[in-house]
Amino acid sequence: MKHDYYIEQSELVLKPLEFIDLEYLRTLRNKNRMFFVNKQKISKKNQEKWFKYYLTKEDDFMFSVVVGKITVGFLGLYNFTNDSAEFGRIVIDETAPRYTAARAICLLLDFFFEKRRLSAVVCSVLKDNSRAKSLYELIGFKKYDESESLIYYKTTKNSNIKTTKKLRSIGIL
Ligand SMILES: CC(C)(COP(=O)(O)OP(=O)(O)OC[C@H]1O[C@@H](n2cnc3c(N)ncnc32)[C@H](O)[C@@H]1OP(=O)(O)O)[C@@H](O)C(=O)NCCC(=O)NCCS
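Read on for a plain summary of the structure. Being a predicted model, the structure only gives us computed values, none of them experimental.

By the secondary structure assignment, Val67 is in strand β3 (residues 61-67). Placed 57 residues apart in sequence, Val67 and Ser10 show a C-alpha to C-alpha distance of 9.1 Å. Setting aside residues up to four positions removed in sequence, Val67 forms contacts with Glu11, Leu12, Val72, Ala96, Pro97 and Thr100.

Let us now look at the sheet that holds strand β8 (residues 150-156). Read from one edge to the other, the open sheet built from eight strands follows the order β1-β2-β3-β4-β5-β6-β8-β7, with strand pairing classed as mixed. The open sheet has two edge strands with one neighbour each: β1 (7-9) and β7 (142-146). Across the sheet, the mean angle separating the axes of adjacent strands is 30° when strand polarity is ignored. Across four bridges, β7 lies against β8 in antiparallel orientation. Of the residues in β8, the one forming a bridge with Lys142 is Lys154. Each of β6 (120-126) and β8 touches helix α4 (residues 130-138); the most contacted strand, β6, lies at about 160° to it.

Within the structure, the ligand sits among 19 residues, and Phe35, Ala101, Ala102, Ser134 and Leu135 are positioned closest to it. Among the elements of the structure, β5 (84-92), α3 (100-115) and α4 are those that each provide at least two residues to the shell around the ligand. Of the residues forming the shell around the ligand, the biggest block, five residues, is contributed by α4. Its residues assigned to classes, the shell around the ligand comprises 13 nonpolar, four polar and two charged.

Thresholds, definitions, all that
- Residues numbered from 1 in each chain as written.
- Predicted model: local features only at pLDDT ≥ 70, side-chain atom pairs only at ≥ 80, totals over all residues.
- Helix = DSSP H or I, 4+ residues; strand = E, 2+ residues; numbered from the N terminus.
- Contact = placed C-beta atoms within 7 Å.
- Pairing = 2+ DSSP bridges.
- Axes fitted to C-alpha atoms, helices over the stretch in contact; angles between N-to-C directions.
- Near = placed C-beta within 6 Å.
- Nonpolar A, V, L, I, M, F, W, Y, C, P; charged D, E, K, R; others polar.

Fair warning: the whole summary comes from geometry, so function is off the table for now.
In structure tokens form, the structure reads like this:
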């Protein structure tokens with residue numbers, strides 16, 4: 001959806017996804033397509049079509065992840081119910097500073113747990129994506145189910161607050 005949330009923590013900023021970001025999003029996404037359920041290569045035309053549709057969707061928030069004015073990746077929150085939402089579509093360039101993904105996700109979740117009074121956020125990951133599994137576990141997601149190819153993770157508002165405190169104490173946040 002078209003939104004105007006800017007979420008900042010020192011040099012890290014989450015900005016609403018804009019048309020101008022689409023080529024970089026497409027490049028990063030295509031480069032990492034083996035880590036996503038939909039592994040199809042995305043054409044320029046399909047990326048723009050997806051963006052037009054995204055703008056019309058209720059409660060679908062995509063952000064660019066910006067570090068010191070440079071866009072290094074993307075992430076999103078969508079599939080809202082009364083008190084939960086799904087996190088995903090994350091892709092961060094490998095040249096971004098260490099813990100960019102961890103910090104960006106924590107910042108996003110802190111903001112939405114508060115703003116939308118969510119009690120839980122879920123996400124899913126392909127079983128062979130060990131980087132993403134380690135990342136989600138580091139920031140406090142717990143496995144609650146699995147299918148043949150996917151692991152389903154969940155975090156709650158309270159565990160997110162505890163994780164945020166823990167990561168702050170070890171200097172990640
Ligand atoms: C997964 C991804 C978002 C991680 O981004 P990142 O900014 O490198 O992650 P961070 O620097 O915040 O790393 C946090 C933790 O993630 C895990 N991790 C990140 N990169 C890793 C790697 N190369 N090998 C193993 N674990 C890794 C580690 O647990 C790391 O903590 P540690 O450094 O203390 O061990 C990024 O690699 C990516 O975009 N991958 C391709 C797309 C993708 O898999 N998306 C998720 C789909 S579910």
